[in-house]
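The lines below spell out each chain.
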Amino acid sequence: MIDLRKLLVNCVALLGALLFFGSAAQAVECAAQTVGGRPFTVCRVNLKSEQLDLFWRDDAGKPYRQFSALRDALESKAKRLEFAVNAGMYKPDFSPVGLFVVDSQELKPLNHHVGSGNFSQQPNGVFLVEGNSARVITTDDYDKERPKPSLATQSGPMLVHDGEITTSAVMSPTSTWRKIRNGVCAPSPDAVAFIISDSPVTFYEFASVFRDSLHCREALYLDGTISSLYAPGFNREDRGSDMGPILGVVTPRPGR
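Thresholds applied
Residues numbered from 1 in each chain as written. Predicted model: local features only at pLDDT ≥ 70, side-chain atom pairs only at ≥ 80, totals over all residues. Heavy atoms only, no water. Core = buried A, V, L, I, M, F, W, Y, C linked by side-chain atoms within 4.5 Å. Buried < 20%, exposed > 50% of the residue type's maximum accessible area, 1.4 Å probe, protein only. Helix = DSSP H or I, 4+ residues; strand = E, 2+ residues; numbered from the N terminus. Contact = heavy atoms within 4.5 Å. Disulfide = S-S within 2.5 Å. Pairing = 2+ DSSP bridges. Axes fitted to C-alpha atoms, helices over the stretch in contact; angles between N-to-C directions.

(A) Just the nonpolar core, in detail. If you look at the biggest cluster of nonpolar residues, it comprises 30 residues, and the most contacted ones within it are Val45, Leu52, Phe83, Phe127, Val192, Phe194 and Leu247. For this core, the element with the highest residue contribution is strand E13 (residues 191-197), accounting for three residues. Here phenylalanine 127 is in contact with Leu52, Ala134, Arg135, Val136, Leu151, Ala152, Thr153, Val184, Val192, Leu220 and Leu247, once residues within four sequence places are set aside. The next biggest cluster of nonpolar side chains, apart from the first, holds 22 residues, and it includes Leu159, Val160, Ile165 and Phe210.

Right, dumping it as structure tokens:
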């Protein structure tokens, strides 16, 4: 006779294992979120289990420019691109405008320019990873502290600083200048949150999501019109304008 109680226990255990391995296979969690009647996609990277990498050029020194080029380059090395976003502003040759650190090597220095462009709005800032710890700090604080990150990218403006929406000219709550936008914060040292708006928003509306929904005390703007997301686990692979720096999560390709 079948022991129904034992069978039930085994089924529950199997279901738990499937759920565990199913979630483990998902390198990055992305979810749709509506805030103030506007749609956003929020992706979270757990640095306890995943590693963020920063990309710009391939082995031949050619900028990747598109997620597909980076994905294919990684595939040739038996690696898989699980997640990626554009990672800050760039020059016409697709080189980073500001600080760019990869594998603890500073490839571009800190940029102190103050001006009218988005990057130069004050305060601007740096997203960095040190070991398994991530944070966003202002450019001035980075210059004073001089940390030794394994990864860093500079952009601007800061959206949130010391828990408050910043007050540069582009951050006006009465602005009607709406664009697709993306940005980053670290709700805790071992967690990174990326947000991309799925409809045009103002800087102030975008910053409010970081402050009020994610409760981030520091948040950095990455870019506007070219903002793009690669998240195959979320059935999304944006193919828009060419881009410069790219942040991504890479895993070994299955079967290797």
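(B) Geometry of the state of the cysteines. Taken as a whole, this structure holds two disulfides when the rule is applied. Residue cysteine 30 pairs covalently with cysteine 43 via a disulfide, S to S 2.1 Å. Measuring the twist about the S-S bond at about 110°, one finds the cysteine 30-cysteine 43 disulfide to be right-handed. Of the two residues, cysteine 30 sits in strand E1 (residues 29-35) while cysteine 43 sits in strand E2 (residues 38-46), which places them 13 residues apart along the sequence. The same class applies to cysteine 30 and to cysteine 43, which are both buried. One disulfide bridge connects cysteine 185 with cysteine 216, the sulfur atoms lying 2.1 Å from each other. A residue pair is termed long-range when its members are at least 10 positions apart, and cysteine 185 in strand E12 (residues 182-188) and cysteine 216 in the loop between helix H4 (203-213) and strand E14 (219-223) qualify at 31 residues. You can call cysteine 216 buried: its relative accessible area is 3%. In the protein, the cysteines engaged in disulfides, taken in order along the sequence, are linked 1-2, 3-4.

(C) View of H4. Buried within H4 we find Phe203, Glu205, Phe206, Ala207, Ser208, Val209 and Phe210. Just downstream of H4, histidine 215 is the residue with a positive phi angle, here 55°.

(D) Main features of the sheet that holds strand E16 (residues 236-237). The five strands lie next to each other as E3-E17-E4-E15-E16, forming an open sheet whose pairing is antiparallel. The open sheet has two free edges, formed respectively by strand E3 (52-55) and E16, since each of these has just one partner strand. Here four bridges tie E3 to strand E17 (residues 246-252), and the two strands are oriented antiparallel to one another. Looking across to E17, one finds that aspartate 53 is bridged to glycine 248. Packed on one face of the sheet, helix H2 (residues 67-75) meets E3, strand E4 (79-86), strand E15 (229-231), E16 and E17 and runs near 155° to E4.

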